[in-house]
Each structure stands twice: as C-alpha cells, then as structure tokens.
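Chain residues, written in single-letter form:
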Amino acid sequence: MSLLIVGSIAIDTVKTPVEEHSNLLGGSASYAALGASFFSPVRLVGVVGNDFPESEFQFWKSRKIDSEGVQRANGKTFRWSGEYSWDLNTRETRSIALNVFEHFKPALPKSYRQTDFVLLANIAPSLQSHVLDQMERPRFVVADTMDLWIETARSDLDALLRRVDLLILNDSEAREITKETSLIKAGRRIRKMGPHYVAIKKGEHGALLFGEDEYFSCGAYPLEDIHDPTGAGDTFAGGMAGYLAGTVKKVHFNDLRKSMIYGSVLASFCVEAFSLERLRKLSMEDIAQRYETFKLMSQFEVPI
Ligand code: AMP
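Residues numbered from 1 in each chain as written. Predicted model: local features only at pLDDT ≥ 70, side-chain atom pairs only at ≥ 80, totals over all residues. Heavy atoms only, no water.

**Quick notes on unusual backbone geometry**
- We note that Asn 23 has phi near 55°; this positive angle belongs to a residue other than glycine.
- Within the fold, Asn 23 resides in strand 3 (residues 20-26).
- One non-glycine residue, Lys 179, adopts positive backbone phi at about 60°.
- Within the element layout of this structure, Lys 179 appears in the loop between helix 6 (171-178) and helix 7 (183-192).
- Residue Lys 179 is classed as exposed on the basis of its relative accessible area of 71%. (Helix = DSSP H or I, 4+ residues; strand = E, 2+ residues; numbered from the N terminus. Buried < 20%, exposed > 50% of the residue type's maximum accessible area, 1.4 Å probe, protein only.)

**Here's the deal with helix 1 (residues 28-36)**
- The buried fraction of helix 1 amounts to nine of the nine residues, a majority that puts the element mostly inside the structure.
- Restricting attention to buried positions, one finds in helix 1 the residues Ser 28, Ala 29, Ser 30, Tyr 31, Ala 32, Ala 33, Leu 34, Gly 35 and Ala 36.

**Quick word on the nonpolar core**
- Counting residues in each nonpolar core, the largest one holds 61 residues, and the members touching the most others are Ile 5 and Leu 166.
- Per-element accounting of this core gives the leading share, ten residues, to helix 9 (residues 253-270).
- If near-sequence neighbours (up to four positions away) are discounted, Leu 166 is found in contact with Phe 140, Val 141, Val 142, Ala 143, Tyr 197, Val 198, Ala 199, Leu 209, Met 240 and Leu 256.
- Core analysis: the next-biggest nonpolar cluster, separate from the first, contains 45 residues, Tyr 84, Met 135, Ile 150 and Leu 161 among them. (Core = buried A, V, L, I, M, F, W, Y, C linked by side-chain atoms within 4.5 Å. Contact = heavy atoms within 4.5 Å.)

**A closer look at helix 6**
- By the burial criterion, the buried members of helix 6 are Glu 173, Ala 174, Ile 177 and Thr 178. End-on, the buried residues of helix 6 take up no more than an arc of 115°, which puts them together on one face.
- Considering only its buried residues, helix 6 is in contact with helix 4 (147-152), helix 5 (154-161), strand 10 (166-170), helix 7 and strand 11 (197-201).
- Looking at the residues trailing helix 6, positive phi occurs at Lys 179, about 60°. (Arc of directions from axis to C-beta.)

The structure is reproduced here in structure tokens:
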C-alpha cells in the first residue's frame, strides 16, 4: 500500500562543531520519503524552485517515490541553516529563507486522493489539514510537528490533532504542548487532545509509545560516530509510517511497536553522514541487521 507524504523540501546548510556543509538536500519530506521508501511506495507532495537539482527527481523515480505531487514554482527552493552544539542534541536555526515555500498550497493530484496511509511531515499545521481536506477518508494518519507551531499556530495544531491517529513529537515539544514535566503524563494528555497513539522521541535516549492502555519504550542504537543529526526525526517518522503502510492492513499496537524499532533503525543510519548520503546507500540487509541487533539489545533474560 502507498504512503502519501507532505512536508518541506529544502536546501540546507549544516554546521556541527567539527564540520560545515552547504547546498545539502534536506527538508522534512525529503528525509521522510527516503526513509519510508524502504517499506512502501511513496506519493510525495511539496514544492521546489528552479534551483532544485533535476537529478533528485530521477533519484526519487528510482526509489518508487512518485513526485507528481511536487510543484515546481518560479523562484528559489526553501533554504534552512542550522548549527549544532557539542552534544549534537541541541541546535539553533541560523537562518530560514522561505522562498517558494512562502506561497505553498499543497494540491493533491487526483491519483493521490485515495491513499490509505498519510504522513504529514513537519510543515505548518494549516497546510497539513489542507492535505487531509483533499483526501477521501485515509485509514491511518501520522503527523509530525515542531516547537514553532506549538508557539505560533496553536489553534491550527489543536484542530489538526483531532484528525490524527499517531502524533510524533520530541520530548521538549511534548512538555511544551502539555505543560507537564513528566513525559508519561504528557503522552497521556496528548492522547486526550485527539491522537489515538503518541510517539515521543528522546534523541539519543530512545522513544516512548502510548496507546489506550498500552505503553512501549525503546532504546536508541548506540552509535559511536554521529556526523549530522539533521533529519533524524523525519527519517524516524518516515520509517514508522512506511513500515505501517507497507506491511499492515489494520494497525494494532504491536505493529506500532515494530514500526518504532524500524523508525529508530533508519534514524540511526541517517545521522551517520551529512544530509541524505547514508540513506541513499542503505540496503534492506543493513536495515535487517540493525533491527536484529535492536532485538538482542532489548532482551533482558538471555538463555545461558
Ligand atoms: P529535523 O532534524 O528532523 O528537525 O529536520 C530537519 C529538516 O527540517 C531540515 O532539513 C530543514 O530543511 C527542515 N526544516 C527546518 N525548519 C523547518 C520549518 N519551519 N518547516 C519545515 N521544515 C523545516
């Protein structure tokens, strides 16, 4: 089954304490689409400018990422620049140039409207809702968000949450949206705002999953070398939603647990190189191997 993904497509500049690279392909939808494409065909929705490399459209085609829903607008592609501090967990946005993103209004091709699974990757919640408005009763809706929308578009976000099956956000966003210090209370509270399930990411400390009476906690893969954390969250969301769309008819909590491990596996690869470079070279065997390691890591009773 296909997965529709809407989000940003960007050209990034990223600075870590040891390296700086510019003109990198980025954006929430770019990371999410590539992450999801390992499990299911993707229908991509976004906007790019005249400066966007044509080669990327060819790459998407080679990965079963349908780009009919990507608008080519007159002007420059959205640009974002960020700088990480020493722990690589905290980051500051240095600059944003919205460019063609400023007047972006997602318009779904007819062939996209009946897609069963949807990932609303990080963009303004009003645009995420606008995508849902054009769809014919999707079966499972996953949404991502960020602190900017919690602070500047709260009523749009609240309206969106009532239409979402799974919300994915990070720990500080979960605390900010609920004003709870405990992540357990925050997860429960967010469920009351609409989403049936909530996934809270904790960076290098793993992730939590909340259902009605169910709860799951997964660790993060212990990586020695992190080069660029950009897009880890989007890749995590793409991996989760892609796994669900590609393998599950009706989503149960156990499927979500598995999808969370796959999301974590993909995110762990994403950060091993700048931009999408590690994900571009990734194979299903790499993914399967790391998934098995995850399983072993979470075994607490080992037979002697
Ligand atoms: P993440 O590291 O998962 O938060 O995602 C980083 C990506 O999000 C970068 O590639 C940026 O181009 C993109 N991004 C940054 N700010 C925004 C924004 N306000 N809306 C949409 N995408 C953004």
